[in-house]
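Fold and geometry: a report
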Amino acid sequence: MSEARIIPLGSKDGRARTGGGAAARRPRPEGSSDVDRGGGTDLAGDAPVADRSVGEHTTAAARPHPDPVAGRRSASDQANVDRAALDRAASGQHAAVNSASNGGASDGGDSNGGEELTPTQRAAAAGGGGSNPAGDSGMDPASALPSEPLADAGSLEQALAGFLAFLRRRITGDYVVDEHGFDEDLTENVIAPLLRPIYQNYFRVETRGLENVPDTGGALIVANHSGTLPLDAMMTALAIMDHHPAHRHLRMLAADLVFAVPFLAPVARKTGNTLACQPDAERLLASGHLVGVWPEGFKGIGKPFSERYKLQRFGRGGFVSAALRTGVPIIPCTIVGAEEIYPMIGNLRMLARLLGLPYLPITPTFPWFGLLGLLPLPSKWLIEFGEPVDTESLTPAAAEDPMLVFELTDRIRETIQHSLYGLLMQRRSVFF
């Protein structure tokens, strides 16, 4: 699996300055005294603080002021000068502290092993390494950086840096596409970031039983199909890639119609979809890939809302034959929540035949609201991976026994149906 190298955006080759702010480094004009400079303390500790008195200001050396006009300043004028000088000194001190923290994070040579500090580490460095921002570090509380916005900005910066690294690899040709057309780099850095907000914030998918999915080797995941559009397949693949300890890619077996649509076909190939046929399924399983199949097909995804969560026929058991020939486990997968994203209350069959579609749904929002009707409803999703069905004890010749294939197919179907009923009982409501 390729890993995007994080390229820091907007980084500067800043160094930590320990000599103070700009006011402390300004050359001193000839004939001027510490009173002219406002009597502030240099961050480097060179200039003494003026002894404040009403109507008269002297330095530690008590040098006379060369300017007679400035020597006759009133107490209020001199107080304003002192206040401005103290403000400049405080500004210089804040600049030095920020420069030391941010500049050191950019270099990162000694403290972080040559790597860029995370936003949380930069916030900790700005806070004075655990000291009180309002006390020991000399910083006021307003200068302390909040952690939540920085964390969000850091993740966005990381995603943007990963996308820029992806573009660089596209230009240089430094990426790999397998024999089935799967582009792992495109899937991880472009497609997955687009789907994650839908997965996390819109459908709020809760995943269970990922420990039943093996870390290595071939395995066949069999799931129920619903939702009018195959969003359940996308969410299942993203759940395994993001939350499984091995971050595996799910190679999905798709229908012929997917590869007949001009724009959809190349995207489906590049994201790991393969034609749902016996040779391709066996080739992927024998190569050690994780393969996903939805045996209900269009009958499941296009069933009316009145038949929700009632599994349709699982075909002729071709997926069981492929698992038996390759000796891989079969993992039943149950998906709850996809039935409600597009409640199908009607089907324009005549128009669907003219368009070459298996069905043309009518939902409470489509076609009444036009393109807005294509937005799915934000239902609450649950995805559960059941215990694997072992096939290693059976020989590849068992795939030729139709009774055995039918028995295993019906067993897996009943397992998923019972899991559906159980998850529906646990769900509080459709949307929460």
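Mapped onto the secondary structure, P343 falls in the loop between β8 (330–336) and β9 (346–347). Along the primary structure P343 and F366 are separated by 23 residues, whereas in three dimensions their C-alpha atoms are 9.9 Å apart.

This paragraph deals with the pairing of strand β11 (residues 382–385). On a regular strand, one side chain projects to one face of the sheet and the next to the other, so that they alternate. Two elements, strand β3 (residues 206–208) and β11, share 3 bridges in a ladder whose sense is parallel. Its bridge partner being in β11, T207 is matched across the sheet by I383. Direction of pairing for β8 relative to β11: antiparallel, over a ladder of 4 bridges. Bridge pairing in β11 links C333 to F385.

With that out of the way, let us pick up the packing of helix α11 (residues 318–326) against helix α13 (residues 402–426). Look at α11 against α13: their axes get within 9 Å of each other, and the N-to-C directions meet at 110°. With respect to each other, α11 and α13 are oriented roughly perpendicular. The two elements α11 and α13 meet at a crossing, and its hand is right-handed. Together, F319, V320, S321 and L324 of α11 and V405, L408, T409 and I412 of α13 make up the contact between the two elements.

Now for a nonpolar patch on the surface. A surface patch of nonpolar side chains, amounting to about 670 Å² of accessible area, comprises I198, Y202, W368, F369, L372 and L375. Within the secondary structure, W368 is located in the loop between β10 (361–362) and β11.

What follows deals with the side chain of R427. Note on placement: R427 falls in the segment after α13. Side-chain polar atoms of R427 contact the side chain of E340, separated by 3.2 Å. Apart from residues lying up to four places away in sequence, R427 is in contact with Y309, V336, G337, E340, K380 and F432.

Right, let's talk about the packing of helix α6 (residues 184–202) against helix α7 (residues 231–243) for a bit. Where α6 contacts α7, the two axes come as close as 10 Å, and the packing angle between them is 105°. Between α6 and α7, the interaxial angle falls into the category roughly perpendicular. Of the residues in α7, those touching α6 at E188, A192, L195, R196 and Y199 are M234, M235, L238, A239, M241, D242 and H243. By residue class, the composition of the contact of α6 with α7 is 8 nonpolar, 1 polar and 3 charged.

Let us look at the side chain of R248. Mapped onto the fold, R248 is located in the loop between α7 and β5 (250–254). No salt bridge forms around the buried R248; measuring N to O, its nearest opposite-charge neighbour D215 is 6.8 Å away. Of the polar contacts made by the side chain of R248, one reaches the backbone oxygen of P214; its length is 3.0 Å. Separated by 3.0 Å, the side chain of R248 and the backbone oxygen of G288 make a polar contact. Dropping the residues within four chain positions of it, R248 is found in contact with P214, D215, T216, G217, I240, M241, G288, H289 and L290.

With the rule as written, the count across this model stands at 13 salt bridges. R169 is the salt-bridge partner of D185, the closest N and O atoms lying 2.9 Å from each other. Of this pair, D185 sits in helix α6 while R169 sits in helix α5 (residues 147–172), and the two are 16 residues apart along the sequence. A relative accessible area of 3% means that D185 is categorised as buried. R427 is the salt-bridge partner of E340, the closest N and O atoms lying 3.2 Å from each other. Taken together, the positions of E340 in the loop between β8 and β9 and R427 in the segment after α13 put the pair 87 residues apart, joining distant regions of the chain. Since its relative accessible area comes to 4%, E340 is described here as buried. Given the relative accessible area of 14%, R427 is considered buried. Residues joined by salt bridges that share partners form a network here, namely R169, R170, D183 and D185.

I221, M235, L250, I335, W381 and F385 are the most contacted members of the largest nonpolar core, which has 31 residues in total. Residue assignment for this core shows that the elements contributing at least two residues are α6, β4 (219–223), α7, β5, β8 and β11. Element by element, the count of residues in this core is highest for α7, at 8 residues. Membership of the second largest hydrophobic core comes to 29 residues, among which are Y309, A322, L382 and A398.

Right, let's get into the confidence of the model for the protein chain. Taken residue by residue, the protein chain gives an average pLDDT of 75. The fraction at 70 or more is 64%. Every residue in residues 1–76 is under pLDDT 50, and counting partners more than four places away or in other chains gives 98 contacts. Within the model, the stretch residues 93–154 combines pLDDT values under 50 with 60 contacts to residues more than four positions away or in other chains.

Analysis parameters
- Residues numbered from 1 in each chain as written.
- Predicted model: local features only at pLDDT ≥ 70, side-chain atom pairs only at ≥ 80, totals over all residues.
- Heavy atoms only, no water.
- Helix = DSSP H or I, 4+ residues; strand = E, 2+ residues; numbered from the N terminus.
- Pairing = 2+ DSSP bridges.
- Axes fitted to C-alpha atoms, helices over the stretch in contact; angles between N-to-C directions.
- Parallel < 35°, antiparallel > 145°, perpendicular 65-115°, else oblique.
- Left-handed = near helix turned anticlockwise from the far one by under 90°.
- Contact = heavy atoms within 4.5 Å.
- Patch = residues over 30% accessible without salt bridge, like charges linked within 9 Å, V, L, I, M, F, W, Y side chains within 5 Å.
- Areas by Shrake-Rupley, 256 points an atom, 1.4 Å probe, with all protein chains shown as cover.
- Salt bridge = Lys/Arg side-chain N within 4 Å of Asp/Glu carboxyl O.
- Polar contact = N/O pair within 3.5 Å; in protein donor to acceptor, adjacent residues only side chain to side chain.
- Nonpolar A, V, L, I, M, F, W, Y, C, P; charged D, E, K, R; others polar.
- Buried < 20%, exposed > 50% of the residue type's maximum accessible area, 1.4 Å probe, protein only.
- Lys, Arg positive; Asp, Glu negative; His and termini not counted.
- Core = buried A, V, L, I, M, F, W, Y, C linked by side-chain atoms within 4.5 Å.
- pLDDT = per-residue confidence, 0-100.

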